[in-house]
Amino acid sequence: MPQTRHRIRRPRRTGAFVGITALALGITATASAGMGSRTPTAAGPVASTTESALAPCRISGTMGVQMSEGMPTPPGYSRSTGEVRALNLMIDFPDAKGEGTALDRLAEFFPQTSDWFRTSSYGRLTYHPEAPVRTWLRMPMPFAAYGIERGSPYEPGYRQLVEHIVKAADAEVDFSRYDLVNILVTPNAGPSALDTVLSVTFSGNAEAPVADGVPLANTSFVYSRQDDGSGTYRETGYRVLPHENGHVFGLPDLYTADGGATVGHWDIMSEDWGANNDLLGWHKWKLGWLDSTQISCASKSGTSTHVLSPLGTEGGVKLAFVPLSANTGYAVEVRTQTGNDEAVCKPGVLVYKVDSAVDTGQGPVIVADSTSASGGCTRRSNVHAELSDAPFQPGETFTDEQAGVTVKVIARLANGSYQVRITRP
Ligand SMILES: [Zn+2]
């Protein structure tokens, strides 16, 4: 049934652009293989002997892909488990002076962002937002003078901005104490997010300006307000920050030039407007939030049975993975309206293909829709409708004839887990 909904056509974010010039410098909007982060621990799971049994499922990154779904996440990104210290700096400009206090701006993102990470990581990431400077940091030049637009590379505008931020804050801030930096820009600088989303993250960027002996290698910039006018800004407006911080932990953008049509609302790296959502199980494994016992690797030919508990609840096996090649495979998980998954209108078994040879913003993950062209089951604004009813139900089977893979949902068990049967060559 066709639905009429207020929907914002999400502009492609700067973070998706990877420029050749930037690559030559080892600096990109969302990634580089940059070394030299102050944090010796890379994002991702801690290696253990049991991990070796999962080796076929840990599809690796590919040469030439700047920010991939491969494992392990290369060094240079922020740690994604344990205690993560985030430095928050609120900035304004002579021509865009902060309206309200800097702490009001901070309060648009906290404590929700910390709560979001605690819930999504099952308590494995403890996010400490710190704001040692309690007032707006005034930049020396007007906003326009930095030349920041959607798609702007790091050089020269962002480098200059970061240099000015460091200069303004250095007396009060020890930059070496932090794993990542959030620059919360006064919302009246630059265009409305309804027109252009400027928010961007430069991650793994060892070429960034140095302060207190460390490069500001993992820095997220948040502009404007992602307010769709539906009255939910206070509940949902913070969600741009967990998205941007996803990049500092090494996650790629899942939306493409066509918007959220490949992953829908099943991951905050796909859609960060509107109702709350979680990350895909693949991302949780990549970030070290699932351990080896929670992954079921279907690498052997033939048929195997897997019992998966809902991704939003703590404990149990969360992800079955069917490796198809060195770079691709199918992931299988159970999504229900639990944890950060607020907008799930049809619980069930989500099946998606992961391709580590596809770069950020180009569609590295594609969700299989059990009911294609249905129009979906959601009426929430800013939730991609078509894929909202993508999960498979008991009795239904996902089939990739070319790959010879089937995923049959056998049953929903009394405890809420789902039993699936995977057949592969
Ligand atoms: Zn992004």
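An unreviewed UniProt entry lists the protein under the name M6 family metalloprotease domain-containing protein, with Streptomyces antimicrobicus given as the organism.

Now for the overall build of the protein. Tallying secondary structure elements over the protein gives 7 helices and 17 strands in all. Out of the 425 residues in the protein, the part that is buried amounts to 52%. Here the contacts in the protein between residues at least 6 apart in sequence split such that 72% fall between residues at least 24 apart.

Here we take up the sheet that holds strand β9 (residues 295-297). An order of β9-β11-β12-β13-β14 is seen for the 5 strands of this open sheet, with the pairing classed as mixed. At either end of the open sheet lies a strand with only one pairing partner, and these are β9 and β14 (365-367). Here the average twist between neighbouring strands, direction ignored, is 25 degrees. In this sheet, β14 lies alongside strand β13 (residues 348-355) in antiparallel orientation, the contact comprising 3 bridges.

Let's shift gears to the sheet that holds strand β10 (residues 302-308). Strand order in the open sheet formed by 4 strands is β10-β17-β16-β15, and the pairing between neighbours is antiparallel. Strands at the two margins of the open sheet, each flanked by one partner only, are β10 and β15 (397-400). In this sheet, adjacent strand axes meet at a mean angle of 15 degrees when their direction is disregarded. In the sheet, β15 pairs with strand β16 (residues 405-412) via 4 bridges, with the strands oriented antiparallel. Looking at the pairing, F398 lines up with V407 of β16.

Next up on the list: helix α6 (residues 240-248). Residues three or four positions apart in an α-helix share a direction because the helix packs 3.6 residues into each turn. Burial analysis of α6 places 9 of its 9 residues in the buried class, the great majority of the element. Where α6 is concerned, the buried positions are V240, L241, P242, H243, E244, N245, G246, H247 and V248. If you follow the buried residues of α6, they end up packed against α3 (112-120), β4 (180-185), β5 (200-202) and β8 (219-222). Looking one or two places after α6, you find G250, whose phi comes out positive at around 100 degrees.

What follows covers unusual backbone geometry. Of the consecutive residues M71 and P72, the connecting peptide bond is found in the cis state with omega at -5 degrees. Locating P72 in the fold gives a position in the loop between α1 (20-24) and β1 (82-92). With an omega of -5 degrees, the peptide bond between E155 and P156 qualifies as cis. Tracing the backbone shows P156 in helix α4 (residues 154-169). In this structure, N382 takes a positive phi of about 65 degrees despite not being glycine. Looking at the secondary structure, you find N382 in the loop between β14 and β15. N382 sits in the buried class, given 24 other C-beta atoms within 10 Å.

This part is about α4. Buried residues of α4: Y154, Y158, L161, V162 and I165, and no others. Mapping the buried residues of α4 onto a view down its axis gives an arc of 100 degrees, with all of them on the same face.

The rules we used
- Residues numbered from 1 in each chain as written.
- Predicted model: local features only at pLDDT ≥ 70, side-chain atom pairs only at ≥ 80, totals over all residues.
- Helix = DSSP H or I, 4+ residues; strand = E, 2+ residues; numbered from the N terminus.
- Buried ≥ 20, exposed ≤ 12 C-beta atoms within 10 Å, placed from the backbone.
- Contact = placed C-beta atoms within 7 Å.
- Pairing = 2+ DSSP bridges.
- Axes fitted to C-alpha atoms, helices over the stretch in contact; angles between N-to-C directions.
- Arc of directions from axis to C-beta.

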